[in-house]
Amino acid sequence: MLLVIPVNMEPQHRSIIRPANRDDLEAISAIEQKCFPEPIAYSKRQLAYLVLNANSASFVETLGNVIRGFVIVTYRRGSPIGHIETIDVDPAHTKKGIGLKLLTRAEDDMRKKGKRWSQLEVSENNKAAIGLYKKAGYTLKEKINRYYRYEHEGTRDALRMVKAL
Ligand SMILES: CC(C)(COP(=O)(O)OP(=O)(O)OC[C@H]1O[C@@H](n2cnc3c(N)ncnc32)[C@H](O)[C@@H]1OP(=O)(O)O)[C@@H](O)C(=O)NCCC(=O)NCCS
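What counts and what doesn't
Residues numbered from 1 in each chain as written. Predicted model: local features only at pLDDT ≥ 70, side-chain atom pairs only at ≥ 80, totals over all residues. Helix = DSSP H or I, 4+ residues; strand = E, 2+ residues; numbered from the N terminus. Buried ≥ 20, exposed ≤ 12 C-beta atoms within 10 Å, placed from the backbone. Contact = placed C-beta atoms within 7 Å. Axes fitted to C-alpha atoms, helices over the stretch in contact; angles between N-to-C directions. Parallel < 35°, antiparallel > 145°, perpendicular 65-115°, else oblique. Left-handed = near helix turned anticlockwise from the far one by under 90°. Nonpolar A, V, L, I, M, F, W, Y, C, P; charged D, E, K, R; others polar. Expected span 1.5 Å × (residues − 1). Near = placed C-beta within 6 Å. Pairing = 2+ DSSP bridges. Arc of directions from axis to C-beta. Core = buried A, V, L, I, M, F, W, Y, C linked by C-beta atoms within 7 Å.

When you look at the overall build of the protein in this model, what are you seeing that I'm missing?
Looking only at helices and strands, the protein has four helices and seven strands in total. Shown N-terminal to C-terminal, the secondary structure of the protein runs as helices and strands in the order β-α-α-β-β-β-α-β-α-β-β. Burial status across the protein gives 28% buried among its 165 residues. The contacts of the protein with a sequence gap of at least 6 include a subset with a gap of at least 24, amounting to 58%.

What is the right way to read the packing of helix H1 (residues 25-35) against helix H2 (residues 44-53) from this model?
Between two packed helices, the angle of one axis relative to the other and the distance separating the axes together describe the packing. The N-to-C vectors of H1 and H2 enclose an angle of 125 degrees; their axes lie 10 Å apart at closest approach. If you check the angle between H1 and H2, you find them oblique. Judged by the twist between their axes, the crossing of H1 over H2 is right-handed. Contacts between H1 and H2 involve Leu25, Ile28, Ser29 and Glu32 on the former and, on the latter, Lys44, Leu47, Ala48 and Val51. Residue composition of the contact of H1 with H2, grouped by class: five nonpolar, one polar and two charged.

Whenever I open this one, helix H3 (residues 98-112) confuses me. Can you help?
For an α-helix, 3.6 residues make a turn, and residues three or four places apart therefore share a direction. If you check H3, its first and last C-alpha atoms are 21 Å apart, about what 15 residues at 1.5 Å a residue would give, namely 21 Å. Burial in H3 covers these residues: Ile98, Gly99, Leu102, Leu103, Ala106, Glu107 and Met110. Looking at the buried side of H3, the elements it contacts are strand S1 (15-19), strand S2 (56-63), strand S3 (66-75), strand S4 (81-89), strand S5 (117-123) and helix H4 (127-135). The positive-phi residue at the C-terminal boundary of H3 is Gly114, with phi of around 80 degrees.

Could you clarify how one ought to interpret the site of the ligand in this entry?
Taken together, 20 residues surround the ligand, and among them Thr94, Gly99, Leu100, Ala128 and Gly131 come closest. Sorting the residues of the shell around the ligand by element identifies S4, H3 and H4 as the ones contributing at least two each. Examining the composition of the shell around the ligand, we find that six residues originate from one element, H4, more than from any other. Within the shell around the ligand, the residues separate by chemical class into nine nonpolar, six polar and five charged.

Can you walk me through the sheet that holds S5 in this structure?
By definition, the strands of a sheet pair up through backbone hydrogen bonds, in either a parallel or an antiparallel sense. One open sheet holds the seven strands; their spatial order is S1-S2-S3-S4-S5-S7-S6, and the pairing between them is mixed. The open sheet has two free edges, formed respectively by S1 and strand S6 (139-144), since each of these has just one partner strand. Averaged over neighbouring strand pairs, the angle between their axes works out to 25 degrees when direction is ignored. The pairing of S3 with S4 spans seven bridges and is antiparallel. Within the sheet, the bridge partner assigned to Tyr75 lies in S4 and is Gly82.

Got a minute to help me understand H1 in this structure?
Listing the buried residues of H1 in full gives Ile28, Ser29 and Ile31. For H1, the arc enclosing every buried residue in end-on projection is 160 degrees, short of the 170-degree limit, so these residues lie on one face.

Before we go on, may I ask you to explain the nonpolar core in this structure?
Generally speaking, soluble globular proteins have nonpolar side chains that are buried together. Counting residues in hydrophobic clusters, the biggest one holds 30 residues, and the most contacted among them are Ile28, Phe70, Val71, Leu102 and Ala106. Beyond its immediate sequence surroundings of up to four residues, Val71 is in contact with Ser58, Phe59, Ile84, Ile87, Leu102, Leu103 and Ala106.

Please explain the pairing of S3 as it appears in this structure.
As a general feature of sheets, a regular strand has side chains that alternate between the two faces. With seven of its ten residues buried, S3 lies for the most part within the structure. Across eight bridges, the pairing between S2 and S3 is antiparallel. When the sheet's bridge partners are listed, Leu63 is paired in S3 with Val66. Turn length for the S2-S3 hairpin, with the two strands adjacent in sequence and antiparallel, is two residues, and the turn residue Gly64 shows positive phi of about 60 degrees. Linking S3 back to S4 in an antiparallel pair, the connection comprises five residues, with Gly78 at a positive phi of about 85 degrees.

Quick look at the structure:
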């Protein structure tokens, strides 16, 4: 029997979200550099720690063998909260639903680990990220003045947002 796979179902045409691994670090770091200027961007070393060594879970979104975005969740033992450490989509591929898919996968991981809340901090001037988080159901918990060491888009102030899982 001949198996016919529609073109858009072939792996190179399918968006996949999978756990990140060591081989993904170059691509993850390249996306981070595109998303954030120095000195805000995490260094490759910091990303390697977060992805490989921290009490964390990291996922990448791929189309074919191209990594288009990633998310890193950090955990603290005994805490009911999972923390979105960062979520980045390659600027060439934003507004295609990738950020929302990554966030959803991160939240699934938190639920599997028994967490009850997802929490994150975002620059109060980061409209795209705040739009994403609001769409995903996050609400403002508090504003934190001078949260960041360096200015993000003209401010060091952050919003802490939360979502019940
Ligand atoms: C924030 C970011 C991850 C969003 O990723 P994305 O793949 O473009 O997001 P999606 O396509 O899944 O968008 C989901 C929703 O987010 C909101 N959103 C996304 N981009 C937006 C923008 N530029 N302005 C306002 N809202 C936006 C919208 O509500 C959107 O839903 P819609 O398409 O139905 O309008 C991406 O812009 C990014 O990587 N930015 C740079 C890195 C960054 O700031 N990360 C967050 C650190 S806290």
